[in-house]
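Breakdown of the fold
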Amino acid sequence: MRVLWMKKEDLREFLESSKQFGELWGPVQKGEVYVYDKIDDFSRLILEPKRTLLPVKKLIHPPEFNILRYEGETYKTELENIPRRVVYGVPPCDIHGLLILDDLFRRYYPDPYYITRRERTAILGVSFCTPTEGCLCKSMGTDVVQEGFDLFFSDLKDFYLVWVGSSLGDDMVKVRPDLFNNNITRKHLDKFMECKKERDEKFTKSIDMTVIPDIMELSYDSPVWEEIGERCLECGACTMVCPTCNCYNVVDEPSISGFTGERRRYWDCCIFTEYSLVAGGDNFRATRADRLKLWYTHKLKSFGYSGKPACVGCGRCIDTCPVDINVLSVVRGLLGGKEKEGKS
Ligand code: SF4
Ligand code: SF4
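Here goes a summary of the coordinates provided. Remember, it's a predicted structure, so these values are computed and weren't measured experimentally.

Before going further, it helps to examine the site of ligand 2. Taken together, Cys232, Leu233, Glu234, Cys235, Gly236, Ala237, Cys238, Ile271, Cys321, Pro322, Val323 and Ile325 make up the full set of residues adjacent to ligand 2. The residue inventory of the shell around ligand 2, partitioned by class, reads 10 nonpolar, 1 polar and 1 charged.

What follows is the structure, given as structure tokens:
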């Protein structure tokens, strides 16, 4: 991978030039949180690494969209209307989330809607973020990232190290070669290590992930599942904010004549009762305890084709769940309240 460096003050100019590759999106402040939005006014763009309310998955696997429109017996997909975008400000944990979704949506049953959006979206990652109270990326090994982006900006206070991760990223650099410098010296490496160490010392919580998949295996009949099942409000917020949740439903919405209509795709949620309801009225996961056990099995033990835990440690479930059900509290519960807070 090619690594360059860029002066801090040149980033805005570079992002301006990147607009020829698609609409520029990035984090903006909305009340007390940060959200991805289209950037028409540069003064709104937050350049520092921040965790957004919803992960970048909302732009690649959107909460709702049209798959196709039909008229009589003909139909037209919406693929050609998917815009090209350049998304700045994606933290490493969310890029790891995309890598997990890439595997799911690309490996055996390629999903053209996901793949087209992914290919038309340039990902410009950024670090080192300041960990929030719930950040667990260091425990999950997702605080650094080597793939899944087009460019990655390591914010080293006075300058950026810029990692070129794809040919598209290389093309973006070539538009303004005057803003990048090839000459990486010992000074750059030392600053990188200094900033990483400084960031690493700010983590306040950790999970020992070397044992958690085994703990999950041994906890199938743990009373913890019943206890959190009783508490859960079935609001679905944890699945909305999680970078690796991907369930969806497909609904036909005909016009009143029935002759024309749309086929739409919406995020679904495996914690909802109806999710596992099948024809005839059976429900394979009838209790919230069963559904939460499934969710945490995916996050902490094994998910998808890789068979690895799908939690990327973003901490969003910790900040979001109104009744304190999250990766940390579940692990604590399974360990009998013994998982201590502390640095990883
Ligand atoms: S399980 Fe929680 S901490 Fe892990 S990736 Fe999902 S939202 Fe983030
Ligand atoms: S956010 Fe909490 S209360 Fe809501 S569905 Fe998830 S676990 Fe249940």
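Moving on from the model shown.
The next thing to look at is the sheet that holds strand E10 (residues 248-254). Reading across the sheet, the 4 strands line up as E5-E4-E11-E10 and stay open at both edges, with antiparallel pairing between neighbours. Either end of the sheet is taken by a strand with one partner, and the two such strands are strand E5 (74-77) and E10. On average, each strand axis in the sheet is tilted by 25° relative to the strand beside it, whichever way the strands run. Sheet analysis places strand E4 (residues 64-71) next to E5, joined by 4 bridges and oriented antiparallel. Note on E5: the bridge partner recorded for Leu68 is Thr77.

The next point concerns the environment of Tyr36. Mapped onto the fold, Tyr36 is located in strand E3 (residues 33-38). The sequence separation of Tyr36 and Val56 amounts to 20 residues, and the corresponding C-alpha distance is 7.5 Å. At 3.4 Å, the side chain of Tyr36 forms a polar contact with the backbone oxygen of Gly89.

Turning to its location among the elements, Asp111 is positioned in the loop between helix H3 (92-106) and helix H4 (112-119). Using a relative accessible area of 6% as the deciding quantity, one classes Asp111 as buried. Among the polar contacts made by the side chain of Asp111, one reaches the side chain of Arg265 at a distance of 2.7 Å. Residues in contact with Asp111, not counting those within four places in the same chain, are Phe105 and Arg265.

What surrounds ligand 1 is the set Cys242, Pro243, Trp295, Lys299, Cys311, Val312, Gly313, Cys314, Gly315, Arg316, Cys317 and Val327. When residues of the shell around ligand 1 are traced back to their parent elements, those giving at least two are helix H11 (288-300) and helix H12 (316-320).

Secondary-structure assignment places Gly336 in the segment after helix H13 (327-334). The exposure class assigned to Gly336 is exposed, which follows from its relative accessible area of 55%. The spacing of Gly336 and Val224 is 112 residues in sequence and 9.2 Å in space, taken between C-alpha atoms.

In the sheet, strand E2 (residues 23-30) pairs with E3 via 6 bridges, with the strands oriented antiparallel. The residue of E3 that forms the bridge with Gln29 is Tyr34. Here E2 folds back onto E3 in antiparallel fashion, the turn holding 2 residues, of which Gly31 has a positive phi close to 65°.

Taken as a whole and assessed by the stated rule, the structure comprises 13 aromatic pairs. Among the aromatic side chains, those forming a connected cluster through ring pairs are Phe14, Tyr88, Phe153, Tyr160 and Phe180. For the cation-ring pair, Lys8 lies above Tyr160, with the distance from its terminal atom to the ring centre recorded as 5.3 Å. Sitting over the face of the ring of Tyr220, Lys293 holds its NZ or CZ atom 3.7 Å from the ring centroid.

Moving on, we come to the packing of helix H9 (residues 223-231) against H11. H11 packs onto H9 with a crossing angle of 110° between their chain directions and a minimal axis gap of 8 Å. Classed by the angle they form, the pair H9 and H11 counts as roughly perpendicular. Handedness of the crossing formed by H9 with H11: right-handed. Between H9 and H11, the residues in contact are Trp225, Glu226, Ile228, Gly229 and Glu230 and Arg288, Ala289, Leu292, Lys293 and Tyr296, respectively. Grouping the constituent residues of the contact of H9 with H11 by class yields 5 nonpolar, 1 polar and 4 charged.

Bringing the nonpolar core into the picture now. Judged by nonpolar contacts, the single largest core of 32 residues is most densely connected at Ile207, Trp225, Ile271, Trp295, Tyr296, Leu300 and Val327. Looking at this core element by element, the count peaks at 6 residues for H11. Each residue touching Trp295, except ones within four places of it in the same chain, is listed here: Cys238, Thr239, Cys242, Cys245, Cys270 and Ile271.

Another aspect to go through is the sheet that holds strand E7 (residues 121-127). Taking strand neighbours across the sheet as the criterion, the 7 strands line up as E1-E9-E8-E7-E6-E2-E3 in an open arrangement whose pairing is mixed. Here the strands that pair on one side only, and so sit at the sheet edges, are strand E1 (2-7) and E3. With strand direction ignored, the average angle separating the axes of adjacent strands in the sheet is 25°. Here strand E6 (residues 85-90) pairs with E7 via 5 bridges, running parallel. Paired with Arg85 across the two strands is Thr121, which belongs to E7. Where helix H7 (residues 186-200) meets the sheet, its contacts fall on E1, E7, strand E8 (151-155) and strand E9 (159-164), and the angle it forms with E9 comes to roughly 100°.

Attention now goes to unusual backbone geometry. The omega angle of the peptide bond from Ser127 to Phe128 is 0°, so this bond is cis rather than trans. Considering the arrangement of structural elements, one finds Phe128 in the loop between E7 and helix H5 (137-140). A positive phi is found at Asp324, a non-glycine position, where the angle reads about 60°. The topology assignment puts Asp324 in the loop between H12 and H13.

Basis of the calculations
- Residues numbered from 1 in each chain as written.
- Chains lettered and ligands numbered in written order.
- Predicted model: local features only at pLDDT ≥ 70, side-chain atom pairs only at ≥ 80, totals over all residues.
- Heavy atoms only, no water.
- Near = heavy atom within 4 Å.
- Nonpolar A, V, L, I, M, F, W, Y, C, P; charged D, E, K, R; others polar.
- Pairing = 2+ DSSP bridges.
- Helix = DSSP H or I, 4+ residues; strand = E, 2+ residues; numbered from the N terminus.
- Axes fitted to C-alpha atoms, helices over the stretch in contact; angles between N-to-C directions.
- Polar contact = N/O pair within 3.5 Å; in protein donor to acceptor, adjacent residues only side chain to side chain.
- Buried < 20%, exposed > 50% of the residue type's maximum accessible area, 1.4 Å probe, protein only.
- Contact = heavy atoms within 4.5 Å.
- Phe/Tyr/Trp six-rings, centres within 6.5 Å; stacked < 30°, edge-to-face > 60°.
- Lys NZ or Arg CZ within 6 Å of the ring centre and 35° of its normal.
- Parallel < 35°, antiparallel > 145°, perpendicular 65-115°, else oblique.
- Left-handed = near helix turned anticlockwise from the far one by under 90°.
- Core = buried A, V, L, I, M, F, W, Y, C linked by side-chain atoms within 4.5 Å.

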